[in-house]
Amino acid sequence: MSLRPWMLVVRLLLELAALVGFGSAAWHLLPDLRWSATFAVPLLVAAVWGTFAVPGDPSRSGRAPVPVPGPVRLLVEWAVLFGSSAALAWAGATGAALAFAGVLVVYQACAYDRVLWLLGRGEGSGREISSG
């Protein structure tokens, strides 16, 4: 399910929305560093997001700059996605934070095959995500 093209597009949009959410939170929470933090915080989050990966992940390039087990990658993904929602709430955008968190929960439920794949993808696991 999670490898269907429309799900990959939704995932991309959620990832971009998370980066925008971190930038927006930085804008509101760091007024003295407003301009630099608004760009630096999302860039830092994106760097972390792209660095830690599960080797052979079919929803990514398959390459892993820093290989990690599936559960660690899932924690990174959830920290970024749900962390953006928390950052928005902290910045005072409670409605946007709740809406984004709700969409994330629905997406994660629809992408259950990826979540299960990551959870079962410890050291040496060879299972693949079903594309059907």
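### Some thoughts on the overall build of the protein chain
In terms of helices and strands, the protein chain carries five helices and two strands. Element order for the protein chain, N to C, with α for helix and β for strand: α-α-β-β-α-α-α. In summary, the protein chain has a C-alpha radius of gyration of 15 Å against a globular reference of 14 Å for 132 residues, a match within 12%. In terms of overall dimensions, the protein chain has a C-alpha envelope of 50 × 30 × 20 Å along the principal axes. By the burial criterion, 36% of the 132 residues in the protein chain qualify as buried. Expressed as a percentage of contacts within the protein chain between residues at least 6 apart in sequence, the contacts between residues at least 24 apart total 59%. Carbon and sulfur atoms make up 74% of the accessible area of the protein chain, which amounts to about 7100 Å² in all. In the protein chain, which carries 9 positive and 7 negative side-chain charges, the distance between the mean positions of the two groups comes to 3 Å.

### Points about the packing of helix H1 (residues 5-29) against helix H2 (residues 34-51)
In contact at an axis separation of 8 Å, H1 and H2 are set at 145° when each is read in the N-to-C sense. Every pair of crossing elements has a handedness; the one defined by H1 and H2 is right-handed. From H1, Glu15, Leu19, Phe22, Gly23, Ala26 and Trp27 reach across to H2, where they touch Arg34, Trp35, Ala37, Thr38, Val41, Pro42, Val45, Ala46 and Trp49. Tallied by class, residues from the contact of H1 with H2 come to eleven nonpolar, two polar and two charged.

### Details of the environment of tryptophan 90
Along the polypeptide, tryptophan 90 turns up in helix H3 (residues 70-90). We classify tryptophan 90 as exposed; its relative accessible area is 69%. For the pair tryptophan 90 and tryptophan 78, spaced twelve residues apart in the sequence, the C-alpha separation amounts to 17 Å.

### Thoughts on the packing of H3 against helix H4 (residues 94-110)
The N-to-C vectors of H3 and H4 enclose an angle of 160°; their axes lie 7 Å apart at closest approach. By the angle class used here, H3 and H4 are roughly antiparallel. In the packing of H3 onto H4, the handedness of the crossing is left-handed. Between H3, through Trp78, Leu81, Phe82, Ser84, Ser85, Leu88 and Ala89, and H4, the contact on the second element is made entirely by Thr94, Ala97, Leu98, Phe100, Ala101, Leu104, Val105 and Gln108. Here the residues of the contact of H3 with H4 are counted per class, giving eleven nonpolar, four polar and no charged.

### Regarding the pattern of salt bridges
Across all of its chains, the model carries five salt bridges by this definition. Between arginine 11 and glutamate 77 there is a salt bridge whose closest N-O contact spans 3.7 Å. Of this pair, arginine 11 sits in helix H1 while glutamate 77 is found in helix H3, placing the two residues 66 residues apart along the sequence. Assessed through its relative accessible area of 10%, arginine 11 is described here as buried.

### A few points about the side chain of glutamine 108
Within the secondary structure layout, glutamine 108 lies in helix H4. Within polar-contact distance, the side chain of glutamine 108 engages the side chain of tryptophan 78 at 3.1 Å.

What counts and what doesn't
Residues numbered from 1 in each chain as written. Predicted model: local features only at pLDDT ≥ 70, side-chain atom pairs only at ≥ 80, totals over all residues. Heavy atoms only, no water. Helix = DSSP H or I, 4+ residues; strand = E, 2+ residues; numbered from the N terminus. Rg over C-alpha atoms; globule rule 2.2 N^0.38 Å. Buried < 20%, exposed > 50% of the residue type's maximum accessible area, 1.4 Å probe, protein only. Contact = heavy atoms within 4.5 Å. Areas by Shrake-Rupley, 256 points an atom, 1.4 Å probe, with all protein chains shown as cover. Lys, Arg positive; Asp, Glu negative; His and termini not counted. Charge placed at Lys NZ, Arg CZ, Asp CG, Glu CD. Axes fitted to C-alpha atoms, helices over the stretch in contact; angles between N-to-C directions. Left-handed = near helix turned anticlockwise from the far one by under 90°. Nonpolar A, V, L, I, M, F, W, Y, C, P; charged D, E, K, R; others polar. Parallel < 35°, antiparallel > 145°, perpendicular 65-115°, else oblique. Salt bridge = Lys/Arg side-chain N within 4 Å of Asp/Glu carboxyl O. Polar contact = N/O pair within 3.5 Å; in protein donor to acceptor, adjacent residues only side chain to side chain.

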